[in-house]
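# Chains, contacts and geometry: an overview
Given next are the chains, with one letter for each unit.
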Amino acid sequence: MHELSIATALVEQVERAMQQESASRVTKVNVRVGTLSGVDKEALEMAFPLASEDGCCSTADLVVELVQARIECNACGKASEPESLFFACEYCGAVDVNVISGRELMLQSLEIQDNE
Amino acid sequence: MCTTCGCGQAAQEHQHSHPHDHHHPHDHDHDHEHDRTLTLEQKILSANDEMAEKNRAWLSENGVVAVNMISAPGSGKTFLLERTLERLNGSVPCAVITGDQQTDNDARRLEGKGAQVRQIETLSACHLDAERVGRLLPEVTADGAKLVFIENVGNLVCPSAFDLGENFKIALLSTTEGEDKPAKYPTLFSLAPVVVLTKMDLAEYLDWDAAKCREYLRGVHPGVFLFELSAKTGEGMDRWIQYLEGLVVA
């Protein structure tokens, strides 16, 4: 299962950040997932606790923000959000388009607690 | 109220000296925690991506071209590679890194055709990653291979998320899978600049609609470079071999 590999990479990344910050506890892991990233939101949410095991992420909630696909037309220059994965400009119908968002797979931020 | 952060939570057991003749036993340590947001904005697969960039740099320094071949299981990757190695034998020095969950069957099929072959057994993982491929690149090309075929684990979804540092991806699609695969699994087909349609010799028995398949492919990836061939009958193989020869500067 592909999302489990992604979740494992995510958990390792959070653990590295926690070590660098000398933080004691993470309560929230905020990620951005594009609709073209090939990662399913529900599957990632399910895999995250499995990947966390007894590590620092086991106390954290995963918050997934979905990023819609956006394309920019090379013919008319306008940007649109295609409904399907057949990319065509919403305004002029051209298929010569660039994907400007939707491929994201980002660890955005952490809510952490420091021991003082 | 806590005076360090003003958070309203009582710091427990304060110890102050008061202007009277006895002391109250409390200390100034507080054992509650402070929440804060740590902004990272890192790619989730950044560790893999960094390794992939190293592989890419290594390939470029050593004048080696690597292609990442991705398809569903059973679409004919290994068979196409067998025939390709036989045809390229002599003209282009090649090597193969092949990934499967288990067994070295593919490596054994590909051996003895003039190319160094290494098998990666991924076990629980459904894809190859940049680190495992990077470890094998120097040894697999040690005898001068200039073109490396990376045969990924048979899977249309997961391998497309993991950059191996290859020069580009080649997606394979067999006629037996139906013409609408690109529409059902657009992530890979939108990323791979080259698509090879395999088992073309079966098209007529399957009522497989070539025009429809091309339409689906161009729908998810306008400008995709297409090969239509049968490794079994040899149909379309000349163009494929010429193309591969052109990838490597003599």
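Each value, and the rule that gives it
- Residue indices begin from 1 for each chain and proceed along its sequence in written order.
- Labels are handed out in written order, letters beginning with A for the chains and numbers beginning with 1 for the ligands.
- This being a predicted model, a pLDDT of at least 70 is required before a residue's local features are given, and a value of 80 or more before pairs of side-chain atoms are given or counted; all residues contribute to the totals for chains, interfaces and linings.
- Excluded from the side-chain calculation are hydrogens and water; included are all heavy atoms of the structure.
- Helix and strand definitions follow DSSP, with helices as H or I runs of at least four residues and strands as E runs of at least two, each counted in order from the N terminus.
- Pairs of residues are marked as contacts when any of their non-hydrogen atoms sit within 4.5 Å.
- DSSP calls a pair of strands paired once it identifies at least 2 bridges connecting them.
- Only C-alpha atoms enter the line fits that serve as axes; for helices the fit covers just the stretch in contact. Angles between N-to-C directions range over 0 to 180 degrees.
- Throughout, the accessible surface (probe 1.4 Å) given up by two parts as they are put together, summed over both, is called the buried area.
- Every case where a carboxyl oxygen of Asp or Glu lies within 4 Å of a side-chain nitrogen of Lys or Arg is listed as a salt bridge.
- The definition of a polar contact used here is a pair of N or O atoms within 3.5 Å, where within protein one atom must be able to donate a hydrogen and the other to accept one, and adjacent residues in sequence count solely through side-chain atom pairs.
- For this classification, the nonpolar set comprises Ala, Val, Leu, Ile, Met, Phe, Trp, Tyr, Cys and Pro, the charged set comprises Asp, Glu, Lys and Arg, and every other residue, Gly included, is treated as polar.
- The cut-offs for exposure are 20% and 50% of the maximum accessible area for each residue type, with area from a 1.4 Å probe on protein chains only; residues under the lower value are buried, those over the upper are exposed, and the others partly exposed.
- Here a pair means two rings of Phe, Tyr or Trp (six-membered ring of Trp) with centres within 6.5 Å. Their orientation is stacked below 30 degrees between planes, edge-to-face above 60, and tilted elsewhere.
- Each ring is checked for a lysine NZ or an arginine CZ that lies within 6 Å of its centre and within 35 degrees of its normal; such an atom marks a charge sitting over the ring.
- Note on angle classes: values under 35 degrees are labelled roughly parallel, values over 145 roughly antiparallel, values of 65 to 115 roughly perpendicular, and the remainder oblique.
- Should the near helix be turned anticlockwise from the far one by less than a right angle, the crossing is termed left-handed; should it be turned clockwise, right-handed.
- Every residue carries a pLDDT, the predictor's confidence in it, which falls somewhere between 0 and 100.

From N to C terminus, chain B includes nine helices and eight strands. Contacts in chain B between residues far apart in sequence, at least 24 positions, make up 67% of those at least 6 positions apart.

Residue and element names in this part refer to chain B. Read across the sheet, seven strands follow the order β4-β3-β5-β2-β6-β7-β8 without closing on themselves; strand pairing throughout is parallel. Looking at strand neighbours, the two that pair on one side only are β4 (116–121) and β8 (225–228), the edges of this open sheet. Strand-to-strand twist in this sheet, taken as the mean axis angle between neighbours without regard to direction, amounts to 20°. Taken together, the five bridges between strand β3 (residues 94–100) and strand β5 (residues 147–151) define a ladder with parallel strand orientation. Looking at the pairing, alanine 95 lines up with valine 148 of β5.

Turning our eyes to something else, we now look at the interface of chain B and chain A. The partner chain A presents 32 residues to the 32 residues of chain B that form the contact. Carbon and sulfur atoms supply 54% of the area buried between chain B and chain A, which totals about 2,900 Å² over both sides. Across the chain B-chain A interface, the total number found is two salt bridges. Here aspartate 114 of chain A and arginine 36 of chain B are joined by a salt bridge, their closest N and O atoms 2.5 Å apart. Between chain B and chain A we count 15 residue pairs in polar contact (both at pLDDT 80 or more) in total. The set of elements that each furnish at least two residues to the side of chain B that touches chain A consists of β1 (34–43), α1 (46–61), α6 (186–191) and α8 (210–220) of chain B. In terms of residue count, the dominant contributor to the side of chain B that touches chain A is β1 of chain B (ten residues). Residue classes in the side of chain B that touches chain A are distributed as 16 nonpolar, eleven polar and five charged.

With that settled, consider the environment of glutamate 121 of chain B. All names here are of chain B. Examined against the element boundaries, glutamate 121 turns out to sit in strand β4. What makes glutamate 121 partly exposed here is its relative accessible area of 37%. Separated by 18 residues in the primary sequence, glutamate 121 and threonine 103 place their C-alpha atoms 6.8 Å from one another. Residues contacting glutamate 121, with those up to four places away along its chain left out, are Asp100, Gln101, Gln102, Thr103 and Arg132. Polar side-chain contacts of glutamate 121 include one of 3.1 Å to the backbone nitrogen of threonine 103.

Turning to the packing of aromatic side chains, a few remarks are in order. All names here are of chain B. This structure, assessed with the given rule, holds five aromatic pairs over all chains. Ring centres of phenylalanine 225 and phenylalanine 227 lie 5.4 Å apart, and the angle between their planes is 85°; on these two criteria the pair is classed as edge-to-face. Here phenylalanine 225 falls in the partly exposed class, since its relative accessible area comes to 39%. Relative to tyrosine 243, the ring of phenylalanine 225 has its centre 5.6 Å away and its plane inclined at 40°; by these criteria the two rings are tilted. Placement of the pair is phenylalanine 225 in strand β8 and tyrosine 243 in helix α9 (residues 237–247), with a sequence separation of 18 residues. An aromatic cluster is present here, built from Phe225, Phe227, Trp240 and Tyr243 joined pairwise through their rings. A cation over a ring is seen here: arginine 239 above phenylalanine 225, with NZ or CZ 5.6 Å from the ring centre.

Residues and elements named next belong to chain B. Interhelical geometry of helix α2 (residues 77–88) versus α9 gives an angle of 65° and a closest axis separation of 11 Å. By the criterion of interaxial angle, the relationship of α2 to α9 is roughly perpendicular. Here α2 runs over α9; the crossing is right-handed. Residues Leu80, Arg83, Thr84, Arg87 and Leu88 of α2 form the contact with α9, whose own contacting residues are Met237, Asp238, Trp240, Ile241, Leu244 and Glu245.

This part covers the confidence of the model for chain A. Averaged over chain A, the pLDDT score is 89; the fraction of residues at 70 or greater is 97%. By mean pLDDT, strand β5 (residues 97–101) of chain A is the weakest element of chain A at 88, and strand β2 (residues 61–67) of chain A is the strongest at 96.

Mean pLDDT over chain B works out to 86, with 86% of the residues at or above the 70 mark. Below a pLDDT of 50 lies the segment residues 1–18 of chain B, which in the model reaches 36 contacts outside its immediate sequence neighbourhood of four places, other chains included.

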